[in-house]
Amino acid sequence: GQFDLIIFEDFNTDCPLALIYKLQAPSIALTTNAMFPWTMEKLGLITNPSYVASSNLNTGKYLTTTEALCSFVINNFYSWTYYLFSQLPDNYILKKYVGNDMPSLYEIGKNVSMVFVNTYFPLNGGNPVPPNVLEIGGIYHGEVKELPQVQINNIFYCINFYFIYIKLIQFK
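Residues numbered from 1 in each chain as written. Predicted model: local features only at pLDDT ≥ 70, side-chain atom pairs only at ≥ 80, totals over all residues. Heavy atoms only, no water.

Chemist: Help me understand empty space enclosed by the protein, please; the structure alone is not making it clear to me.
Modeler: Vacant regions in the atomic arrangement are exposed by a probe of water-molecule size rolled over the atoms. One pass over the structure, following the stated rule, counts one cavity of 30 Å³ or more. What lines the largest cavity is simply Phe-8, Asp-10, Leu-17, Ala-29, Thr-39, Lys-42, Leu-43, Gly-109, Val-112 and Val-115. Element by element, the count of residues in the lining of the largest cavity is highest for helix α2 (residues 37-43), at three residues. Looking at the lining of the largest cavity, its residues break down into six nonpolar, two polar and two charged. (1 Å grid on protein atoms, 1.4 Å probe; cavity = no way out; pocket = protein on both sides within 12 Å on 5 of 7 lines; lining within 4 Å. Points joined across faces, edges and corners; volume = space filled by probe spheres on them. Helix = DSSP H or I, 4+ residues; strand = E, 2+ residues; numbered from the N terminus. Nonpolar A, V, L, I, M, F, W, Y, C, P; charged D, E, K, R; others polar.)

Chemist: Where do I start with the side chain of Gln-87 in this structure?
Modeler: For Gln-87, the location among the structural elements is in helix α3 (residues 65-97). Among the polar contacts listed, one links the side chain of Gln-87 to the side chain of Asp-14, at a separation of 3.0 Å. (Polar contact = N/O pair within 3.5 Å; in protein donor to acceptor, adjacent residues only side chain to side chain.)

Chemist: Is there a simple way to explain the nonpolar core in this structure?
Modeler: Generally speaking, soluble globular proteins have nonpolar side chains that are buried together. Core analysis: the biggest nonpolar cluster contains 21 residues, and Leu-17, Met-35, Val-115 and Val-133 have the highest contact counts within it. Where this core is concerned, the elements lending two or more residues are β1 (6-9), α1 (16-23), α2, α4 (105-109) and β3 (114-117). Here this core gets three residues from one element, more than from any other, and that element is α1. Once residues lying within four places of it in the same chain are set aside, the contact partners of Leu-17 are Phe-8, Lys-42, Leu-105, Ile-108, Gly-109 and Val-112. (Core = buried A, V, L, I, M, F, W, Y, C linked by side-chain atoms within 4.5 Å. Buried < 20%, exposed > 50% of the residue type's maximum accessible area, 1.4 Å probe, protein only. Contact = heavy atoms within 4.5 Å.)

Chemist: Before we go on, may I ask you to explain α1 in this structure?
Modeler: An α-helix turns once every 3.6 residues. As a result, residues three or four positions apart point the same way. Among all positions of α1, only Leu-17, Ala-18 and Ile-20 are buried. Taken around the axis of α1, the buried residues stretch over an arc of 160°, which confines them to a single face. Buried residues along α1 sit against β1, β2 (27-31), α2, α3 and α4. Where α1 ends, the next residue or the one after it, Gln-24, has phi of about 50°, a positive value. (Arc of directions from axis to C-beta.)

Chemist: Teacher, can you tell me more about the sheet that holds β3 here?
Modeler: Strand pairing within a sheet occurs via backbone hydrogen bonds; the two strands may be parallel or antiparallel. Read across the sheet, four strands follow the order β1-β2-β3-β4 without closing on themselves; strand pairing throughout is parallel. Looking at strand neighbours, the two that pair on one side only are β1 and β4 (133-135), the edges of this open sheet. Direction aside, neighbouring strands of the sheet carry axes that sit 20° apart on average. Bridge count for β1 against β2 is four bridges, and the pairing is parallel. Bridging from a neighbouring strand, Ile-7 pairs with Ile-28 of β2. Packing of α1 onto the sheet brings it into contact with β1 and β2, and relative to β1 it is tilted by some 165°. (Pairing = 2+ DSSP bridges. Axes fitted to C-alpha atoms, helices over the stretch in contact; angles between N-to-C directions.)

Any functional reading would require information that these geometric values do not contain.
Here is the structure:
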């Protein structure tokens with residue numbers, strides 16, 4: 001393909017996966033928080049609530065029976081809600097505009113090359129993850145420096161390769 005890599009945010013929609021499918025490029029998913037249950041499922045990660053707590057629960061290393069049950073209910077609720085209100089509508093819209101031959105977003109998501117997750121094991125606990133999942137929380141340090149002001153038109157004019165620029169915003 002024309003692109004060496006596609007970087008996208010894995011948050012509340014899998015629509016960027018259609019772009020990955022069409023361009024047949026390797027991809028890296030970024031998540032600005034702990035990994036969601038639906039992302040864990042796509043990557044084949046262990047989501048057994050007796051071992052891995054929901055990221056929405058404030059639990060210790062070892063879960064009580066009640067905490068494990070709560071984790072099971074929360075993770076399944078989130079997964080089904082995501083499936084019903086995000087994946088089904090997204091698949092319908094994308095098949096309408098991209099084509100019926102496109103596989104489901106869930107199947108495309110299984111082929112994401114790597115995931116960068118904003119977790120840090122001393123704070124979030126250690127969970128077993130495959131080599132394509134990299135915890136990057138806590139890697140920043142030092143004093144924040146102001147970025148130089150650059151005329152954006154000049155950057156795009158000088159570049160002699162193709163790229164797609166998608167701006168990510170942060171809510172405070």
